[in-house]
Amino acid sequence: MSEPRVDATRIREHVLRLGERHPPVDLDSTDYRVLDPAAVRDRFGGVLEYMARVEVEVERNVLELAVLLPDVSETDRLFYADVWGPQEERHGILLDTLGQHLGMPPVVANTGEVPARVRVLGALAHLPVVHEVVRLLYYLTGAATEKSAMLAYQAMSEGLGEMGEHAVKRTVVDAIKVQEPGHFAFYRLSAQEMVQSGAIAPWQLHLARLLRSRSYGLVGAATREQRTDFGGVVVELGLDEQLERNVRDISRLETQLLWAHREGLQVPEYALAAFRDAAAMYRERLAHRGGGRGGRRGGQALAA
Ligand SMILES: [Fe+2]
Ligand SMILES: [Fe+2]
């Protein structure tokens, strides 16, 4: 691997720096003035609703992590409990408040219930060899989620800029957007360190590949309805126009770490299929409703 070597000290320093440089966004720093609320709602209502929900559900993700990784390292705990969690929760509040300023109802999120499949994996993770597989999958999922969020916020920021909605672009979307790359970097460094250090045996890597390809999930999309909503974010933000390139970006880390033996593989098929299916289901929903691109409301895609 041509990547520079990563060690535990470097990861810890990254987390500490992230906490210092990026405190949760100050709620008093936001400016929700919008020139044309109806137009913003028409263009971004569904996206906003989905992203707000996923950001708010981070509260549950933190509970899930404690179950999933019973033997968590101090650096991992520091990241998710003290740095990432508080930042993401604030992202949720900002997006939810923006939605309400646009006349949308408060977001409905599941913040308390840890799903059964998480509890089952968590029980298995008491075995150290399984724990490390779960930990690698946690990093890979986190990386894909954060990269998805980066693409989504970038598209939203550009769209709001085109509409002349500079106050919310700058104080809400850009204020959130600037915090996501540091999250991505944490997951990337952590996964690279695991593989480079040899902490993961070949059979564990094989198990990770199997689990990842069988259980790949789009962020915040547990049900068919939510997968369709996720497709809405992809389509409404125009991310489907270069879908393969975007999914390649989102999956680059796992392509490198899990599928290094499949020379020339650009993007894992399971990831591309998940995004394609979601976008197709959303287009089908639009066709049934007789709607077109944009102008929809009430759907709910990508946040972290
Ligand atoms: Fe994030
Ligand atoms: Fe976020």
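Values in this document were obtained by computation on a predicted structure and should not be read as measured data.

Trainee: Account for the overall build of the protein chain, with residues named and values stated.
Mentor: Helix and strand content of the protein chain: 12 helices and zero strands. Going residue by residue from the N terminus, the α and β elements of the protein chain occur as α-α-α-α-α-α-α-α-α-α-α-α. Radius of gyration (C-alpha) of the protein chain: 19 Å, near the 19 Å computed for a compact globule of 304 residues. When the backbone C-alpha atoms are referred to their principal axes, the protein chain occupies close to 55 × 40 × 40 Å.

Trainee: Tell me about the nonpolar core, residues and numbers included.
Mentor: Membership of the largest hydrophobic core comes to 75 residues, with the highest contact counts inside it found for L136, M156, A191 and V234. Looking at this core, the element that brings in the most residues is helix α6 (residues 128-162), giving 14 residues. Excluding its chain neighbours within four sequence positions, the residues that come into contact with M156 are F44, V47, V173 and L237.

Trainee: Go over helix α1 (residues 8-21), please, and point to the residues and values.
Mentor: In this model, α1 (14 residues) spans 20 Å end to end at C-alpha, consistent with the 20 Å of a helix rising 1.5 Å per residue. Of all the positions in α1, only I11, H14, V15 and L18 are classed as buried. When α1 is viewed along its axis, its buried side chains cluster within an angular range of 95 degrees and face the same direction. Opposite the packed face of α1, turned more than 90 degrees from it, sit the exposed residues T9, E13, R17, E20 and R21. Summarising the contacts, the buried residues of α1 are in contact with α4 (74-101) and α8 (180-196).

Trainee: Could you give an account of the environment of L102, with specific residues and numbers?
Mentor: In this fold, L102 is placed in the loop between α4 and α5 (116-124). A C-alpha to C-alpha distance of 7.1 Å links L102 and A38, two positions 64 residues apart in sequence. Setting aside anything within four residues of it in sequence, one finds L102 in contact with V34, P37, V40, R41 and G45.

Trainee: Can you tell me about the packing of helix α3 (residues 58-68) against α4, naming the residues and giving the values?
Mentor: Direction vectors running N to C along α3 and α4 enclose 155 degrees, while the axes themselves pass 9 Å from each other. Classed by the angle they form, the pair α3 and α4 counts as roughly antiparallel. On α4, the residues that touch V58, E59, V62 and L65 of α3 are Y80, A81, G85, E88, E89 and G92. The residue makeup of the contact of α3 with α4, split by class, is five nonpolar, two polar and three charged.

Trainee: Could you give me a rundown of the environment of R33, with the residues and numbers involved?
Mentor: Relative to the helices and strands, R33 resides in the loop between α1 and α2 (37-56). Owing to 12 C-beta atoms within 10 Å, R33 belongs among the exposed residues under this scheme. On a C-alpha basis, the gap between R33 and L94 in space is 13 Å, while along the polypeptide they are 61 residues apart.

Trainee: Kindly report on the environment of G46, identifying the contributing residues and their values.
Mentor: Along the chain, G46 turns up in helix α2. A C-alpha to C-alpha distance of 7.8 Å links G46 and D229, two positions 183 residues apart in sequence.

Trainee: Summarise the confidence of the model for the protein chain; cite the residues concerned and give the values.
Mentor: When the pLDDT values of the protein chain are averaged, the result is 91; 94% of them are 70 or greater. Mean pLDDT per element in the protein chain: α5 is the minimum at 84, and helix α7 (residues 166-177) is the maximum at 98. Predicted confidence is poor over residues 294-304, with pLDDT under 50, and the contacts of this stretch with residues over four places away or in other chains come to 49 contacts.

Rules used in this analysis
- Residues numbered from 1 in each chain as written.
- Chains lettered and ligands numbered in written order.
- Predicted model: local features only at pLDDT ≥ 70, side-chain atom pairs only at ≥ 80, totals over all residues.
- Helix = DSSP H or I, 4+ residues; strand = E, 2+ residues; numbered from the N terminus.
- Rg over C-alpha atoms; globule rule 2.2 N^0.38 Å.
- Core = buried A, V, L, I, M, F, W, Y, C linked by C-beta atoms within 7 Å.
- Buried ≥ 20, exposed ≤ 12 C-beta atoms within 10 Å, placed from the backbone.
- Contact = placed C-beta atoms within 7 Å.
- Expected span 1.5 Å × (residues − 1).
- Arc of directions from axis to C-beta.
- Axes fitted to C-alpha atoms, helices over the stretch in contact; angles between N-to-C directions.
- Parallel < 35°, antiparallel > 145°, perpendicular 65-115°, else oblique.
- Nonpolar A, V, L, I, M, F, W, Y, C, P; charged D, E, K, R; others polar.
- pLDDT = per-residue confidence, 0-100.

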